[in-house]
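Remarks on the overall topology
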Amino acid sequence: MRAIDKNIAACPTCHNLVQMPFGKQKGYALCPRCDSEVYMRKSDAVQKTWALLLASIVFYIPANLLPMMHVITFAGTESDTIMSGVFYFISDKSYLIAFVIFTASIFVPILKILILIYLLISVQKRSCMHRQRRKKLYVLTEIIGRWSMVDVYVVGVMTALVHFAGLTEIKPGIGANFFLLVVILTMFAAMSFDPKLIWDIKECNENREQ
Amino acid sequence: MNPHYHVCHECDTLNKISTPNRPGRYKCANCSAKLYTYKPAMNERIYALNLAALFLFILTNYFPFLSFHVAGSVSHANFATSIIYLYRDHEWLLGTAILLTTIVFPLVRILIYIILFGSQFHNYLPRYATHMIKILNKLLPWGMLDVFFLAILVSIVKLVKMGTIIPGTSLWAFILMVFILAWSQSMYDPHQVWEHIGRRRKALQQKEKLATI
Ligand SMILES: [Zn+2]
Ligand SMILES: [Zn+2]
C-alpha cells in the first residue's frame, strides 16, 4: 500500500502522517503536530531538476577547461586544470591520489549528471523498468554528490598554506569557481528530484498486483 | 513509542512499524531504503556527543591543522586562514562557500542539536522545535567536514614534495569530530523528538488543568 493511494503524505519535519485535503499533486496541508507545510510531492520536480541540470552541464565545460589553480614560482607561473593535475600524479606514479582526484572531480560529476538525465527521461516516459535499480541510482547520486567538493577544498587549503611571496605562491584559478557552481547546482538538482515519482506510475503498480 | 505507520521517503510505501520499541534499523518493505534507526536513549546520547563535538570544534578552529616548512619559512593553516587568503585574493565565491560549508553550517548544526536535545534532557519544552528541525534538514547535505577531511589528505600528498608538512593538534581533534558528528547523525530520528514533545505538552496541559481546578 502506498501513501498516495490513501491521500496521505508524511510531514518532512516530524514524520507525522497528514491527510491531504486536495486531490493529487498540487497544494499543501499544514501538519497538525508541528505546523510545517506538507506537500504530496516536491512541486515541479521534473522541470526544476532539468533546469538545474542543464545549467550545471553548461558550467561543467569551463570548469574543466579553465585552470583550477596557479602555482607562481620565481621561474614563472604554472596553471593546473583538473585533467593536468590527474596526469601529473599519474606521471608521478602517485596512482592513489590520481585516482581520488579523477573520481571526485571528473567521474562523479559526469556520473551524477548522467544518472539524473536517465531518471528524468524514464519518469517522463512513464517507464516501469528497473524501478529498484533506479531508486538505488538516486540514493547513489545523493551520497556521492558532495564528494566532488574535494577539489575546491584542496585549492583552498593549498592557497592557505603556500604563500611565500617571491618563492612559491598558489592562487585559485577561475576554473575552481565554475567547478564549485557545478557541485552546488548538481546537488540542488538531485535534491529537487522526487524519487517517489519513479513509483507513481499507475499502470506498473496494477501489473505488479496481478 | 507507539506502533505507527512510516511513509518511505524513497518510494512512498506505507510501512507499519509494529514493534517500535525494538532497537535497530527499520527498512522499507518495498525498496529496503533505511527508514530510521531506533536507539534507546537517543536524546542523552546525541546531546552528549554534540557537546563533545562543540568542544572539538573550538579546538579545531583555534589551532592550526597543518604547518608547512619551505626553505626556512613557515606557514600555518587553520580553517579561517584559507578563507582569509581567498578573500584577500578577491575570491568571494570560493571563500564564502568554504566558510559556510566548513565553519558556519557545522557549527549551526552542532548548536541546534545541543539546544534541541539539551532542552529535552533538562526537561524543558523546546521552543521553535519545528524551525530547528527544518534548518537541520536543510543543512544536512551542506555541512561537508568529512569531504574537507579528504581534501586535507590530498593536499598533504600534493605538498609533501615541496616542503615539510607537520600535522597540527587540531587535525586530530578534527578527525575525532568528524567521527562523532557522523555517529550522532546516524542515531537522529525526528519521530522520537516529536513523541517526546507530545508527551511533555500533554503533561503540561494536565498540570494547567489541575491548577484551574
Ligand atoms: Zn509535522
Ligand atoms: Zn521504500
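Residues numbered from 1 in each chain as written. Chains lettered and ligands numbered in written order. Predicted model: local features only at pLDDT ≥ 70, side-chain atom pairs only at ≥ 80, totals over all residues. Heavy atoms only, no water.

Overview of the overall build of chain B
The condition that has to hold: The helix count covers DSSP runs of H or I at least four residues long, the strand count covers runs of E at least two residues long, and both are numbered beginning at the N terminus. The size measure is the radius of gyration over C-alpha atoms, and the globule rule it meets is 2.2 Å times the number of residues to the 0.38 power. For every residue, the accessible area obtained with a 1.4 Å probe (protein chains only) is divided by the maximum for its type, and the residue is called buried under 20%, exposed over 50%, and partly exposed between those limits. Should any heavy atoms of two residues lie within 4.5 Å, those residues are counted as being in contact. Only the protein chains shown count as cover for residues, and the accessible areas themselves come from Shrake-Rupley with a 1.4 Å probe.
From N to C terminus, chain B includes seven helices and seven strands. Put simply, chain B runs from its N terminus to its C terminus through helices and strands in the order β-β-β-β-α-β-β-α-α-α-α-β-α-α. Taken over the C-alpha trace, chain B has a radius of gyration of 22 Å; the compact-globule value for 213 residues is 17 Å, which it surpasses by more than 25%. Burial status across chain B gives 51% buried among its 213 residues. Intrachain contacts of chain B at a sequence separation of at least 6 include 61% that bridge at least 24 residues. For chain B, the accessible area works out to roughly 10,600 Å², and carbon and sulfur atoms hold 66% of it.

So, the overall build of chain A
Put simply, the rule reads: Only four residue types enter the charge count: Lys and Arg as positive, Asp and Glu as negative, with His and the chain ends excluded. Note that the charge is assigned to NZ on lysines, CZ on arginines, CG on aspartates and CD on glutamates.
The helix and strand inventory of chain A stands at seven helices and eight strands. At 22 Å, chain A has a C-alpha radius of gyration far larger than the 17 Å of a compact globule built from 210 residues. With respect to the principal axes defined by its C-alpha atoms, chain A has extents near 70 × 40 × 25 Å. Looking at chain A residue by residue over its 210 residues, the buried ones come to 53%. In chain A, the proportion of contacts linking residues at least 24 apart, taken out of those at least 6 apart, comes to 62%. With an accessible surface of roughly 9,900 Å², chain A has 66% of that area assigned to carbon and sulfur atoms. Here chain A contributes 22 positive and 15 negative side-chain charges, whose respective centroids are spaced 8 Å apart.

A look at the domain arrangement of chain B
Condition: Domain start and end points were adopted from an automatic or database domain assignment.
You can read the domains of chain B as domain 1 (1-38) and domain 2 (41-188). The C-alpha centroid of domain 2 of chain B is placed 31 Å from the C-alpha centroid of domain 1 of chain B.

Side note on the sheet that holds strand β5 (residues 69-73) of chain A
Within a sheet, neighbouring strands are paired by backbone hydrogen bonds and run either parallel or antiparallel to one another. All names here are of chain A. What counts is decided by this rule: At least two DSSP bridges between two strands are needed for those strands to be called paired. Every angle, taken between N-to-C directions, lies between 0 and 180 degrees, and every axis is a line fitted to C-alpha atoms, over only the stretch in contact when it is a helix.
The four strands are arranged β6-β5-β8-β7 in an open sheet whose pairing can be described as antiparallel. Edge positions in the sheet fall to β6 (76-80) and β7 (163-164), since each of these pairs with one other strand and no more. Across five bridges, the pairing between β5 and β6 is antiparallel. Each bridged residue has a counterpart across the sheet, and for Thr-73 the counterpart in β6 is Gly-76. Each of β5, β7 and β8 (168-172) touches helix α5 (residues 150-161); the most contacted strand, β8, lies at about 145° to it.

So, the packing of aromatic side chains
Residue and element names in this part refer to chain A. Heads up, the rule is: Centre distance within 6.5 Å is the pairing criterion for rings of Phe, Tyr and Trp, where only the six-membered ring of Trp is used; planes under 30 degrees apart are then read as stacked, over 60 as edge-to-face, and the remainder as tilted.
As enumerated under the stated definition, the model contains 19 aromatic pairs over all chains in all. Judged by centre distance (5.3 Å) and plane angle (45°), the rings of Tyr-28 and Tyr-39 are tilted. Pair noted here: Tyr-28 is in strand β3 (residues 28-30) and Tyr-39 is in strand β4 (residues 37-39), with a separation of 11 residues, a long-range link. We classify Tyr-28 as partly exposed; its relative accessible area is 40%. Note on Tyr-39: relative accessible area 41%, which makes it partly exposed.

Examining the domain arrangement of chain A
Often, the extent of an interface is quoted as the loss of accessible area on bringing the components together. Along its sequence, chain A is carved into domain 1 (1-40) and domain 2 (42-209). In this structure, domain 1 of chain A and domain 2 of chain A have C-alpha centres spaced 33 Å apart.

Side note on the coordination of the zinc ion (ligand 2)
Residue and element names in this part refer to chain B. To keep things clear, this is the line we draw: For Na, K and Ca the donor cut-off is 3.2 Å; for every other metal, N, O and S atoms count as donors within 2.8 Å. Water does not enter the count, which can leave sites looking incomplete. A four-donor site is classed as tetrahedral when every donor-metal-donor angle falls between 85 and 135 degrees; four donors are called square planar, and six octahedral, when trans pairs exceed 155 degrees and all remaining angles lie between 65 and 115, with any other arrangement labelled irregular.
Surrounding the zinc ion (ligand 2) are the protein donor atoms Cys-8 (SG), Cys-11 (SG), Cys-28 (SG) and Cys-31 (SG), which sit 2.2 to 2.3 Å from the metal. One can describe the site at the zinc ion (ligand 2) as tetrahedral: its four donor atoms subtend angles covering 105 to 114° at the metal. Every donor residue of the zinc ion (ligand 2) comes from the same chain, spaced as C-x2-C-x16-C-x2-C. Of this pair, Cys-8 sits in the loop between β1 (4-7) and β2 (14-17) while Cys-28 sits in the loop between β3 (24-27) and β4 (34-38); the two residues are 20 residues apart in sequence, bridging distant segments of the chain. Each member of the pair, Cys-8 as well as Cys-28, carries the same accessibility label: buried.

A look at unusual backbone geometry
A positive phi angle is found at Arg126(A), which is not glycine, with a value near 55°. Its identity is not glycine, yet Ala41(B) carries a phi of approximately 60°, on the positive side. Take Ala41(B): it is sitting in the loop between β4 and α1 (42-62).

Thoughts on the interface of chain A and chain B
To keep it simple, the criterion reads: Accessible area, probed at 1.4 Å, shrinks when two parts are joined; the buried area is that loss added up over both. Take a side-chain nitrogen of Lys or Arg and a carboxyl oxygen of Asp or Glu: if they are within 4 Å of each other, that pair is a salt bridge. N or O atoms within 3.5 Å of each other form a polar contact, as long as, within protein, one can give a hydrogen and the other can take it, and as long as residues adjacent in sequence are counted only when both atoms are side-chain atoms. Asp, Glu, Lys and Arg are counted as charged, while Ala, Val, Leu, Ile, Met, Phe, Trp, Tyr, Cys and Pro are counted as nonpolar; the rest, among them Gly, fall into the polar class.
Facing 59 residues of chain A, the contacting portion of chain B comprises 62 residues. Counting the surface lost from both chain A and chain B, the interface buries some 5,500 Å², and carbon and sulfur atoms represent 69% of this. We note a salt bridge from Lys196(A) to Asp12(B), for which the minimum N-O separation is 3.8 Å. For the pair chain A and chain B, the number of links is 16 residue pairs in polar contact (both at pLDDT 80 or more). For the side of chain A that touches chain B, the elements supplying multiple residues, two or more each, are α3 (95-124), α4 (131-144), α5, β7, β8 and α6 (174-192) of chain A. The greatest single-element share of the side of chain A that touches chain B, amounting to 10 residues, is contributed by α5(A). Tallied by class, residues from the side of chain A that touches chain B come to 38 nonpolar, nine polar and 12 charged.

Here's the deal with the coordination of the zinc ion (ligand 1)
Residues and elements named next belong to chain A. Around the zinc ion (ligand 1), the protein contributes the donor atoms Cys-11 (SG), Cys-14 (SG), Cys-31 (SG) and Cys-34 (SG), at 2.2 to 2.3 Å from the metal centre. Each of the four donor atoms bound to the zinc ion (ligand 1) contributes to angles spanning 104 to 116°, and the resulting shape is tetrahedral. Between consecutive donor residues of the zinc ion (ligand 1), the sequence gaps follow C-x2-C-x16-C-x2-C.

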